[in-house]
Amino acid sequence: MFPKKQVFFVLGLSKSGKAAAEFLLARSATVYVYDDNPSERVEKVAVGLVEKGAKRIKAEELVRMPDVCDVLVLSPGIPIDHPTAIAFKRNGRAVIGETELAARNMRAPIFAVTGTNGKTTTVSMLTKVLKKGGYTAEACGNIGMPMTKFCSMREEGIAVAEISSFQMETLQSLCPHIAVVLNVTEDHLNRHYTMENYIFLKAKLLKNMTESEFAILNYDDPIVRGFAEKTKAKILYFSSKERVRGAYAENGYLYCGKEKIMAVDELSVGGVHNVQNALAVIIAAKLAGVKTEDIVSALREFKGVHHRIERVAEIDGVEYVDDSKGTNVDATLKGVASMKRDTVLLLGGKNKGYDYNKLFAELKGAKVVHAVLYGENRFALLKAAREQSFDALTLCGGGFAFAVRVAALKAERGQTVLLSPASASFDEFSSYEERGERFAEIVRGLAKQEQKEESPVCETKDGSATEQGDGIEPDAAGGRKDE
């Protein structure tokens, strides 16, 4: 790639699209930009890029871009089968993403993490451990910080990259020194169409690795365990169930090889999923040469990530927990499993193509005493609940804020209201972060007298609802990150 002599078209002005355009402009490239989102944020980004030398196009000019430009830089929120991407491919032009730009220009070694769930937690945990061990380590990628921002990081630093399946669609050059694959369960089938394609994208993280790199795989996940056959990298496993070559949990302790690292109870975040995350981190840190005492100290201090099983408040004896990051069935089941009290569960949002029968089949044996269904996919959730004979539910047609208040009314003293939606946020919000912040805002505004006010319009299992407005359909080129 020779930016100064090539012409680029950046489609989608999300964080990654903006970063890609800035990266290319700084290298004297000719850059066209476009986003069909009319929001104030996008307008501000577009104006700023034009001031730096970018050329902004209109919708009617999209058709000529494959003839004008050498490379399409696609934001991760836009699928690879978008009409513009197809047109570029047919015209013999390159289609890449911001992460691919970074992979081609990164100086520092990359420790990459992928998986359906736990990526952000593991990246955050590993970054903290590496910093405790004396490294200049930066979390980047799908966690919210574009990788191109760290291309100037010196070789002694480490880029700890969260890599999503959306990013994998346009990623060809990445060869991490250490790759971690946490798990693979059903997700994003509305985007990737089949589970086989989704698995293929996850396995792509390992394809460029050689005998001098390391792949850290979840032995407890049969799909991930099978990835060992898809790479030349040295394989190390982690397991919460049995001894493996790598790291494992046994009799309440975490081990790496034969070395006892720490007690499970010393982790400040709970749940089997966090035990697995910590085991993966221990292996990566050991490979990086971090001392055991520094690993233990960092893991004891790590408090989790925002919007992942995060306690918001307790009001009138009811605990409110934000797990807005639970955007798929498996993540929600992990969130529910970590609850110690009877729970009223908020479910709903943008449909991602799931069969929700598995969710309600497992909820029947969990601590969930009631489910409040809301959002665009509430009827799909209701259908699955009825098929699984899960009867303790309320169907709410009044939007997210109403649903939270309904959950508050349903919860009794000593119980928990858990937002873990098993759905993307894009029917009503721009991200799971915004949804989580709105949940916290509503919860903090709840007062005893508000809970006694008239209930929002909603439907119980055998009732009927009056709809109170539709969700907001996301734009085609918004470039949202993977949920």
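Everything below is about the structure printed above this text.
Residues numbered from 1 in each chain as written. Predicted model: local features only at pLDDT ≥ 70, side-chain atom pairs only at ≥ 80, totals over all residues. Heavy atoms only, no water.

The subject of this paragraph is the sheet that holds strand β8 (residues 158-162). What the nine strands build is an open sheet, ordered β7-β8-β6-β9-β10-β11-β12-β13-β14; its pairing is mixed. A strand with exactly one partner marks an edge of an open sheet, and here the two such strands are β7 (137-141) and β14 (259-263). Geometrically, the sheet is characterised by an average inter-axis angle of 20° between neighbouring strands, direction not taken into account. Where strand β9 (residues 178-181) meets strand β10 (residues 214-218), four bridges bridge the pair, whose relative direction is parallel. Across the sheet, Val181 pairs through a bridge with Leu217, a residue of β10. (Pairing = 2+ DSSP bridges. Helix = DSSP H or I, 4+ residues; strand = E, 2+ residues; numbered from the N terminus. Axes fitted to C-alpha atoms, helices over the stretch in contact; angles between N-to-C directions.)

Among the eleven residues in helix α1 (residues 15-25), nine count as buried, and that is most of the element. Every buried residue belonging to α1 is among Ser16, Gly17, Ala19, Ala20, Ala21, Glu22, Phe23, Leu24 and Leu25, and all of these are buried. Buried residues belonging to α1 abut β1 (7-11), β2 (30-34), α2 (40-51), β4 (71-74) and α5 (98-105). (Buried < 20%, exposed > 50% of the residue type's maximum accessible area, 1.4 Å probe, protein only. Contact = heavy atoms within 4.5 Å.)

With that out of the way, let us pick up the pattern of salt bridges. Counted under the stated rule, the structure contains 24 salt bridges. Between Asp316 and Arg413 there is a salt bridge, with the nearest N and O atoms lying 2.7 Å from each other. One end of the pair, Asp316, is in the loop between β15 (310-315) and β16 (318-322); the other, Arg413, is in the loop between α16 (400-410) and β20 (416-419), and 97 residues separate them in sequence. If you follow the salt bridges from partner to partner, you end up with Lys18, Glu22, Lys52 and Lys149 in one network. (Salt bridge = Lys/Arg side-chain N within 4 Å of Asp/Glu carboxyl O.)

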